[in-house]
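This is what each chain is made of:
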Amino acid sequence: MKRVQKWFKKLLYITLSIALMAAGVNMFFAPHSIAAGGVTGLAIIFESLFGFEISTVIMLGNAVILILCIIFLGREVFFNTVIGAILLPIFIGIIPNVAIVQDTMLSMIVGSVIFGIANMVLYNNNASSGGTSIPPLILKKYFKTETSLGLFITDGIVVLLSLLVFNTDSFFFAITSIFITSATMNYIESGLNKKKLVYIMSDMIDAITYDVLHKIGRGVTIIPAIGAYGQNEIQMLMIALNSKDYRHLVLIVNKHDKGAFMITDTVSDVHGHGWTYESGSV
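A brief look at the structure comes next. (Residues numbered from 1 in each chain as written. Predicted model: local features only at pLDDT ≥ 70, side-chain atom pairs only at ≥ 80, totals over all residues. Heavy atoms only, no water.)

On to the packing of helix α1 (residues 2–29) against helix α4 (residues 75–94). In contact at an axis separation of 9 Å, α1 and α4 are set at 40° when each is read in the N-to-C sense. It follows from the interaxial angle that α1 and α4 lie oblique. Considering how the two elements wind past one another, α1 and α4 form a crossing that is right-handed. Of α4, the residues touching α1 (which contributes K10, L11, I14, T15, I18, A19, M21, A22, V25 and N26) are N80, I83, G84, L87, L88, F91 and I92. (Axes fitted to C-alpha atoms, helices over the stretch in contact; angles between N-to-C directions. Helix = DSSP H or I, 4+ residues; strand = E, 2+ residues; numbered from the N terminus. Parallel < 35°, antiparallel > 145°, perpendicular 65-115°, else oblique. Left-handed = near helix turned anticlockwise from the far one by under 90°. Contact = heavy atoms within 4.5 Å.)

Following this line, the structure appears as structure tokens:
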């Protein structure tokens, strides 16, 4: 039963992200002739050149991509791709092609952020919308190229084609869109879950440790260390905590030892006790 619920939850996330992506194309990119890579960008170009429906071009393009996927990448990648590849042209056909934002620059920015969010939801559910996400995987498997390079090449080809069809403004909007989409995905992946990793050297280790354990509720690791200058043995605390708790930690350290030496780093994610599952300590 739980497996079925998990599958439906995954399908819901995929469906919503594909709908979001389709809205980005029809309401922000297509009305302003912004072909920001991928099969969707190619579809916008074909609509301008030949009057083809965007949904039809995406459907045909994804069909070719799925054939390449099953041939070169196998069943697992194929099944992770097929749902999005089928849903995208359907939603493109349903959602009206209207400009929500009249300013091209603003429309490009909003559309790119929407694309980035939708792609990250798909990525987190081991799915994709088909399109140019597949050729980079084929290039990596057979030619050992980085997927980022493969994606840059495939999207770059589409963007260059847009230069032949649209004006230079649309070309540069498309390039900027790719960067904004990438930045949005990177921020969602690492920027929304920032943690602090703090190292503390002090003569009041026991008092600081007690307060961190009981007042902040975070675990503490005590690391034996040696000061290089005097070769004296010291103890160093390592503490991982949420950013909102960091100021509380600073107050605790200052209360017990204003001369304590602290090193603080910002980390993207923390896994393990007390973070990715319930436990009493880190």
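A separate point is the pattern of salt bridges. For the structure on display, the rule yields three salt bridges. In this structure, the salt-bridge partner of K215 is D211, at a minimum N-O distance of 3.8 Å. Highlighted residues: K215 and D211, both in helix α9 (residues 205–216), separated by four residues, approximately one helical turn. With relative accessibility at 49%, the residue K215 sits in the partly exposed group. A salt bridge links K255 to D211, with the shortest nitrogen-to-oxygen separation between them at 3.0 Å. (Salt bridge = Lys/Arg side-chain N within 4 Å of Asp/Glu carboxyl O. Buried < 20%, exposed > 50% of the residue type's maximum accessible area, 1.4 Å probe, protein only.)

Another aspect to go through is the packing of helix α3 (residues 54–72) against helix α6 (residues 134–143). As a packed pair, α3 and α6 sit with axes 10 Å apart at the nearest point and diverge in direction by 25°. Relative to α6, the element α3 is oriented roughly parallel. Between α3 and α6 the crossing geometry is left-handed. Taken together, the residues of α6 that come into contact with α3 (itself represented by I65, L68, C69 and F72) are I134, P135, I138, K141 and Y142. Partitioned by chemical class, the residues of the contact of α3 with α6 number eight nonpolar, no polar and one charged. (Nonpolar A, V, L, I, M, F, W, Y, C, P; charged D, E, K, R; others polar.)

Turning to the layout of surface pockets, a few remarks are in order. Reported here for the largest pocket is a volume of approximately 1400 Å³. Around the largest pocket, the lining comprises 46 residues; the ones closest to its centre are N119, T132, S133, L151 and M185. If you list the elements that add at least two residues to the lining of the largest pocket, you get α1, α2 (38–50), α4, α5 (104–124), α6, α7 (147–165) and α8 (168–191). Across the lining of the largest pocket, the residue classes tally to 23 nonpolar, 21 polar and two charged. Here the second largest pocket defines a volume of roughly 170 Å³. Every residue lining the second largest pocket is listed: M201, S202, D203, I205, I234, Q235, D257, G259, A260 and F261. (1 Å grid on protein atoms, 1.4 Å probe; cavity = no way out; pocket = protein on both sides within 12 Å on 5 of 7 lines; lining within 4 Å. Points joined across faces, edges and corners; volume = space filled by probe spheres on them.)

Turning our eyes to something else, we now look at the packing of aromatic side chains. The full count for this structure, using the stated rule, is eight aromatic pairs. Here the aromatic rings of F78 and F79 are separated by 5.4 Å at their centres, their planes lie at 75°, and the arrangement is edge-to-face. Aromatic rings pair up to connect F46, F50 and F52 into one cluster. One Lys or Arg, K196, reaches over the ring of Y246 and ends 5.6 Å from the middle of that ring. (Phe/Tyr/Trp six-rings, centres within 6.5 Å; stacked < 30°, edge-to-face > 60°. Lys NZ or Arg CZ within 6 Å of the ring centre and 35° of its normal.)

The next thing to look at is the environment of G217. In this structure, G217 sits in the loop between α9 and β2 (221–226). Judged by its relative accessible area of 45%, G217 is partly exposed. Sequence separation between G217 and I205 is twelve residues; the distance between their C-alpha atoms is 16 Å.

Another point: α4. In this model α4 runs 29 Å from its N-terminal to its C-terminal C-alpha over 20 residues, within 8% of the 28 Å that 1.5 Å per residue would give. Helix geometry: α4 is bent most strongly at T81, by close to 35°. Inspection of α4 places F78, T81, V82, G84, A85, L87, L88, P89, F91 and I92 among the buried residues, and these make up the whole buried set. Each element contacted by the buried residues of α4 is listed here: α1, α2, α3 and α6. (Expected span 1.5 Å × (residues − 1). Bend = angle between axes of the 7 residues up to and from the residue.)

Backbone geometry places S33, a non-glycine residue, at a positive phi of 55°. Mapped onto the secondary structure, S33 falls in the loop between α1 and α2.

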